[in-house]
Amino acid sequence: MNILICIKQVPDMESKFKINAEKNWYDRTDLAWRMNEYDEYAVEQAVRLKEQVGAADLTVLCIGPDQVKETMKKALAMGCDRGVHIADNDAHKREPLEIASMIAGFAKDKNFDIVFTGMQSQDRGSAQVGVMIAELLAIPAVTTIVDFTFDNGAIHVKRELEGGGRALVKATTPVVLTCQLGLNTPRYPTLPNIMKAKKKELLTLAVPDMGGIGACQETAAFYFPERKGSGLVLEGELPDMAEKLIHLLKEKTGVLA
Amino acid sequence: MKTLLVAEFREGKLRIKYSQLIAFAKELQTTTSMFLVGSPSELPQFDGTLYLADVAKYGEYNPTVHKQLLLDVIAKEQPDRIVFHHSSYGWDLAPRIAVALKAAQISEVVAIEDGVPVVPVCNAKLRRKIKSKTAQTILTLQAGAFGMEEDPIGTPTVVPIDTSVTGKVDCSGYEAAKLEGVDLTKSEIIVSAGRGVGKPENIAMVQALAKALGGEYGASRPVVDAGWVDHNRQVGTTGRTVTPKLYVACGISGAIQHLAGMKKSEFIVAINTDKDAPIGEVADVFVVADLKQFLPVLTEKLLAR
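Residues numbered from 1 in each chain as written. Chains lettered and ligands numbered in written order. Predicted model: local features only at pLDDT ≥ 70, side-chain atom pairs only at ≥ 80, totals over all residues.

Visitor: How should I be thinking about the overall build of chain A in this particular structure?
Guide: Looking only at helices and strands, chain A features six helices and 13 strands. For chain A, the spread of C-alpha atoms along the principal axes amounts to about 65 × 45 × 40 Å. Scored against the burial criterion, the 257 residues of chain A give a buried share of 45%. Partitioning the contacts of chain A with sequence separation of at least 6, the portion at a separation of at least 24 is 72%. (Helix = DSSP H or I, 4+ residues; strand = E, 2+ residues; numbered from the N terminus. Buried ≥ 20, exposed ≤ 12 C-beta atoms within 10 Å, placed from the backbone. Contact = placed C-beta atoms within 7 Å.)

If you want it as structure tokens, here you go:
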């Protein structure tokens, strides 16, 4: 099987964010970077599928500046066979349709059986790219999967629904699957596998033909939300804060009566 | 301006949150029509044209077919905006329409300011206003962002629609949420564990505080996904929606899906090392501390009272 996994490098969401000089995105300096959490599930599922079927080739793809190769190395250490890095210093400014066009441009003549990706990114969070790749490649997509089984060419997935229920969906290859949190438990790369990953192919490509697709939206403003609540902030020594909190709970709620 | 609303039908029922779509359209003051793959025996209360495809024929989840049905309506109706819920149905179907129309899609709209959609970025830590540059724009609305004070009223003018397109995937049925056991919706006090607990052993601290307060313990999604707490204790859009008298969020950053499940609690305490965590938006008291150090101190003081 020929499998493509599309991943994104994102900042750690616990980071202290600043707004960039153009006021249209967050400042990219002084941030800790990691693999988009949703994509970790995509990588893990692909590796598990390879472990199941044996004959499978896993290509991990990532778009961005040189620094994204660090994140790609994690995917290679988790078990992907080769990496394709699309070098684009403007990737963070790209809209979902542009990103999807690049991926479809790369994938269109490669005959991938399954494309795994996260259902959304943690920073932009559009939840569009995976479905758009499928539409551009004219293959089916099933989104938000929390369960995956592969049996004799048949793919059975469960889609997560609001309220915690699941829809049971059957598909065949080729297909794009977007992965939701909890699909599996992504492995930590072992030291031997980290060493092995250094020898795996990591090819850097220029931005492929995007089929004439350009930006169809623009950022009009970028800002921190106003704090609506007049919430009280407690800082300081632990026992003092505990006393103050207990006092507040007595005063404002009926639960400590 | 014309707006087409995309309503949802699942497990044999019209999903009543279509009222949020109507509320959104009212805010924009546009001419409005609606699209639904549903049942003629269960119509939305809506004064306008309803393009209705029969769910018995086309299925509840059948993206290729629903896409074609919707594209046919768009071709006829020529709406300026096509509006979905940001939901398992909406985020699956909307990008298909955006690609077909080469139109801008603006996901998870939380507000409209001066006519321009606002969306969250980085787990709701930041906001972005987005202007569409295409004639038609696709929008998906965050659940609960647009509401209606009263229930919608009206009777639609039904226009039946059909297609000969067939599907590529097969939805064979549903599996119910596993929510047996404790029912957090009945608890007056809930102490919830988030990613900040760090490791499964620390769940005991959250349980101890819940016990000291006479309440139940819950958890956010990452903790449940990790298998540290059962799913029936998950608070959020894919778990329980709770409204206790006191909600204590321990090491929970406040993802939108979590906030949706607890923000209507009467009193909210957040305990978090990150002062900028979005949970601060709904917290009545924000304790800036590492829960692993703070919870034992707080629990001890509560028990000593």
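What follows picks up the thread again.
Visitor: Which parts of the structure should I look at to understand the overall build of chain B?
Guide: A count of helices and strands for chain B gives eight helices and 18 strands. With the C-alpha coordinates aligned to their principal axes, the bounding extent of chain B is approximately 70 × 40 × 35 Å. For chain B, buried positions account for 54% of its 305 residues. Of the contacts formed within chain B by residues at least 6 apart in sequence, a portion of 67% connects residues at least 24 apart.

Visitor: Just checking my understanding: could you explain the interface of chain A and chain B for this structure?
Guide: Often the size quoted for an interface is simply the accessible area lost on bringing the parts together. Taken together, the contact pairs 70 residues of chain A with 75 residues of chain B. For the side of chain A that touches chain B, the elements supplying multiple residues, two or more each, are helix 3 (96-107), helix 4 (129-137), strand 7 (141-151), strand 8 (154-160), strand 9 (166-172), strand 12 (217-223), strand 13 (232-234) and helix 6 (238-252) of chain A. It is helix 6 of chain A that provides the largest number of residues to the side of chain A that touches chain B, a total of ten residues. Grouping the amino acids of the side of chain A that touches chain B by side-chain chemistry returns 37 nonpolar, 16 polar and 17 charged. The sheet contact formed by strand 12 of chain A and strand 10 (residues 126-132) of chain B spans six bridges and is antiparallel. Looking across to strand 10 of chain B, one finds that Glu218(A) is bridged to Lys131(B). (Nonpolar A, V, L, I, M, F, W, Y, C, P; charged D, E, K, R; others polar. Pairing = 2+ DSSP bridges.)

Visitor: Quick question: what am I supposed to make of the packing of helix 6 of chain A against helix 8 (residues 291-303) of chain B here?
Guide: How two helices sit against one another is set out by the angle between their axes and by the gap between those axes. At a minimum axis distance of 9 Å, the contact between helix 6 of chain A and helix 8 of chain B shows a crossing angle of 55°. Judged on the interaxial angle alone, helix 8 of chain B and helix 6 of chain A are oblique. The element helix 6 of chain A and its partner helix 8 of chain B pack so that their crossing is right-handed. Counting all contacts with helix 6 of chain A, which are made through Leu238(A), Pro239(A), Met241(A), Ala242(A), Glu243(A), Leu245(A) and Ile246(A), the residues of helix 8 of chain B involved are Gln293(B), Phe294(B), Val297(B), Leu298(B), Lys301(B) and Leu302(B). (Axes fitted to C-alpha atoms, helices over the stretch in contact; angles between N-to-C directions. Parallel < 35°, antiparallel > 145°, perpendicular 65-115°, else oblique. Left-handed = near helix turned anticlockwise from the far one by under 90°.)

Visitor: Sorry, what's going on with the sheet that holds strand 16 (residues 246-250) of chain B here?
Guide: The strands making up a sheet associate through backbone hydrogen bonding, with each pair oriented either parallel or antiparallel. Within the open sheet, the six strands sit side by side as 13(A)-18(B)-17(B)-16(B)-14(B)-15(B). Their pairing is parallel. At either end of the open sheet lies a strand with only one pairing partner, and these are strand 13 of chain A together with strand 15 (216-219) of chain B. Geometrically, the sheet is characterised by an average inter-axis angle of 20° between neighbouring strands, direction not taken into account. Note that strand 16 of chain B and strand 17 (residues 267-272) of chain B share five bridges and pair parallel. The partner of Ala249(B) across the bridge, within strand 17 of chain B, is Ala270(B). The sheet strands contacting helix 5 (residues 203-213) of chain B are strand 14 (189-193), strand 15 and strand 16 of chain B, and the helix crosses strand 14 of chain B at an angle near 170°.

Visitor: Explanation requested: helix 5 of chain B in the structure shown.
Guide: Two residues of an α-helix separated by three or four positions point the same way, owing to the 3.6 residues in each turn. All names here are of chain B. Of all the positions in helix 5, only Met-205, Val-206, Leu-209, Ala-210 and Leu-213 are classed as buried. Seen from one end, helix 5 has its buried residues packed into an arc of 135°, which puts them on one side. In the core, the buried residues of helix 5 are packed alongside strand 14, strand 15, strand 16 and helix 8. Of the residues one or two after helix 5, Gly-214 is the one with positive phi, at around 75°. (Arc of directions from axis to C-beta.)

Visitor: Sorry, what's going on with the domain arrangement of chain B here?
Guide: Residue and element names in this part refer to chain B. Looking at the assigned domains, one finds that chain B contains domain 1 (2-160) and domain 2 (184-303). The distance between the C-alpha centroids of domain 1 and domain 2 comes to 33 Å. Taken together, the contacts link seven residues of domain 1 with seven residues of domain 2. Grouping the amino acids of the side of domain 1 that touches domain 2 by side-chain chemistry returns three nonpolar, three polar and one charged. (Domains from an automatic or database assignment.)

Visitor: What am I meant to see in the environment of Thr185(A) here?
Guide: Residues and elements named next belong to chain A. Relative to the helices and strands, Thr-185 is located in the loop between strand 10 (175-179) and helix 5 (191-197). Given 12 C-beta atoms within a 10 Å radius, Thr-185 is considered exposed. C-alpha separation for the pair Thr-185 and Met-78, spaced 107 residues apart in sequence, amounts to 12 Å.

Visitor: Any chance you could explain the sheet that holds strand 7 (residues 104-109) of chain B here in plain terms?
Guide: Residues and elements named next belong to chain B. Read from one edge of the open sheet, seven strands run 7-11-6-1-4-5-12, paired in parallel fashion. In this open sheet, the two edge strands, each paired with only one partner strand, are strand 7 and strand 12 (157-160). Strand after strand, the sheet turns through a mean of 25° between neighbouring axes, direction not considered. Bridge count between strand 6 (residues 81-85) and strand 11 (residues 137-141): five bridges; the pairing is parallel. Within strand 11, the residue paired with His-85 across the bridge is Leu-141. The sheet contacts of helix 1 (residues 18-28) involve strand 1 (2-6), strand 4 (31-38), strand 6 and strand 11, and relative to strand 1 the element is tilted by about 170°.

Visitor: Quick question: what am I supposed to make of the nonpolar core here?
Guide: Generally speaking, a soluble globular protein has its nonpolar side chains buried in company with each other. Ile5(A) and Val60(A) are the most contacted members of the largest nonpolar core, which has 121 residues in total. Considering each element in turn, this core owes the most residues, eight residues, to helix 3 of chain A. For Ile5(A), the contacting residues outside a window of four places in its chain are Ala42(A), Val43(A), Ala46(A), Leu58(A), Val60(A), Ala75(A), Cys80(A), Phe116(A) and Thr117(A). Counting residues in hydrophobic clusters, the runner-up holds 49 residues, among them Leu249(A), Tyr247(B), Val248(B) and Ala255(B). (Core = buried A, V, L, I, M, F, W, Y, C linked by C-beta atoms within 7 Å.)

Visitor: Whenever I open this one, unusual backbone geometry confuses me. Can you help?
Guide: Note: most peptide bonds trans; most residues except glycine with negative phi. In the segment running from Thr173(A) into Pro174(A), the intervening peptide bond is cis, with an omega of -5°. With respect to the helices, strands and loops of the structure, Pro174(A) is situated in the loop between strand 9 and strand 10. Positive phi is not limited to glycine here, since Lys102(B) has a value of about 50°. Tracing the sequence through the fold places Lys102(B) in the loop between helix 4 (90-101) and strand 7. If you check the backbone angles, Ala124(B) has positive phi at about 70° while not being a glycine. Inspection of the secondary structure assignment puts Ala124(B) in the loop between strand 9 (116-121) and strand 10. Ala124(B) gets classed as buried once you count the C-beta atoms within 10 Å, which come to 23.

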